[in-house]
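Coordinate inspection notes
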Amino acid sequence: SGIPEHKRLSTRARNAPGKYYVDGNSLICGLCPKLAPKNCRVNEANWSCEVFKQPESPEEDSQLRDAMDMSCVQCIHDDGDDEWGQPPHETPPKP
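Averaged over all residues, the pLDDT of the chain equals 77, while 73% of them reach at least 70. At the low end of the mean pLDDT range in the chain sits helix 1 (residues 5–12), at 56; at the high end sits helix 3 (residues 58–70), at 93. Residue range residues 83–94 is modelled with pLDDT below 50. Its contacts to residues more than four positions away, or to other chains, number 22 contacts.

For the rest of this paragraph, the subject is the pairing of strand 3 (residues 48–51). A two-sided burial pattern is seen for strand 3, the buried positions comprising Ser48 and Glu50 on one face and Cys49 and Val51 on the other. Sheet topology note: the strand 2 (residues 40–43)/strand 3 ladder contains four bridges and is antiparallel. Directly across from Asn43, in strand 3, lies its bridge partner Ser48. Adjacent in sequence and paired antiparallel, strand 2 and strand 3 are bridged by four residues, among which Trp47 carries a positive phi angle near 50°.

Quick look at the side chain of Asp23 now. Counting through the fold element by element, Asp23 comes out in the loop between strand 1 (20–22) and helix 2 (31–35). Given a relative accessible area of 1%, Asp23 falls into the buried group. Within the structure, the side chain of Asp23 is placed 2.7 Å from the backbone nitrogen of Asn25, a separation counted as a polar contact.

A few words now on the environment of Pro55. Within the secondary structure, Pro55 sits in the loop between strand 3 and helix 3. Pro55 sits in the buried class, given a relative accessible area of 1%. In this structure, the C-alpha to C-alpha distance between Pro55 and Lys38, residues 17 residues apart in sequence, is 8.0 Å.

Moving on: the nonpolar core. Among the nonpolar cores identified, the biggest contains 12 residues, and these are Tyr20, Val22, Cys32, Ala36, Cys40, Cys49, Val51, Leu64, Ala67, Met68, Cys75 and Ile76. When contributions to this core are tallied by element, the ones reaching two or more residues are strand 1, strand 3 and helix 3. When residues of this core are assigned to their parent elements, the largest contribution, three residues, is made by helix 3. With residues near it in sequence (within four places) discarded, Val51 still touches Asn15, Ala16, Tyr20, Tyr21, Val22, Asn39, Cys40 and Leu64.

Reading the values: the criteria
- Residues numbered from 1 in each chain as written.
- Predicted model: local features only at pLDDT ≥ 70, side-chain atom pairs only at ≥ 80, totals over all residues.
- Heavy atoms only, no water.
- pLDDT = per-residue confidence, 0-100.
- Helix = DSSP H or I, 4+ residues; strand = E, 2+ residues; numbered from the N terminus.
- Contact = heavy atoms within 4.5 Å.
- Buried < 20%, exposed > 50% of the residue type's maximum accessible area, 1.4 Å probe, protein only.
- Pairing = 2+ DSSP bridges.
- Polar contact = N/O pair within 3.5 Å; in protein donor to acceptor, adjacent residues only side chain to side chain.
- Core = buried A, V, L, I, M, F, W, Y, C linked by side-chain atoms within 4.5 Å.

So, in structure tokens, the structure goes:
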């Protein structure tokens, strides 16, 4: 992504581990929680939006992607770690 490495790392820590995250440019417009309520919320403590849970289904992934595509300040990012947002080392075992 085009975000400087130091800013990307500092803002990712406020998000759930995985491929999707909201950077420090969030305007708290409410779009993210409205479009992806199972994955995004407003964090009033630091006045930003955050991905509190990575997608666990194609539907959640699609909703988060819609929020990312519709963001007026392009503050939602996808680093593409793995399907449904779980880095390879954190992928839960299949039953």
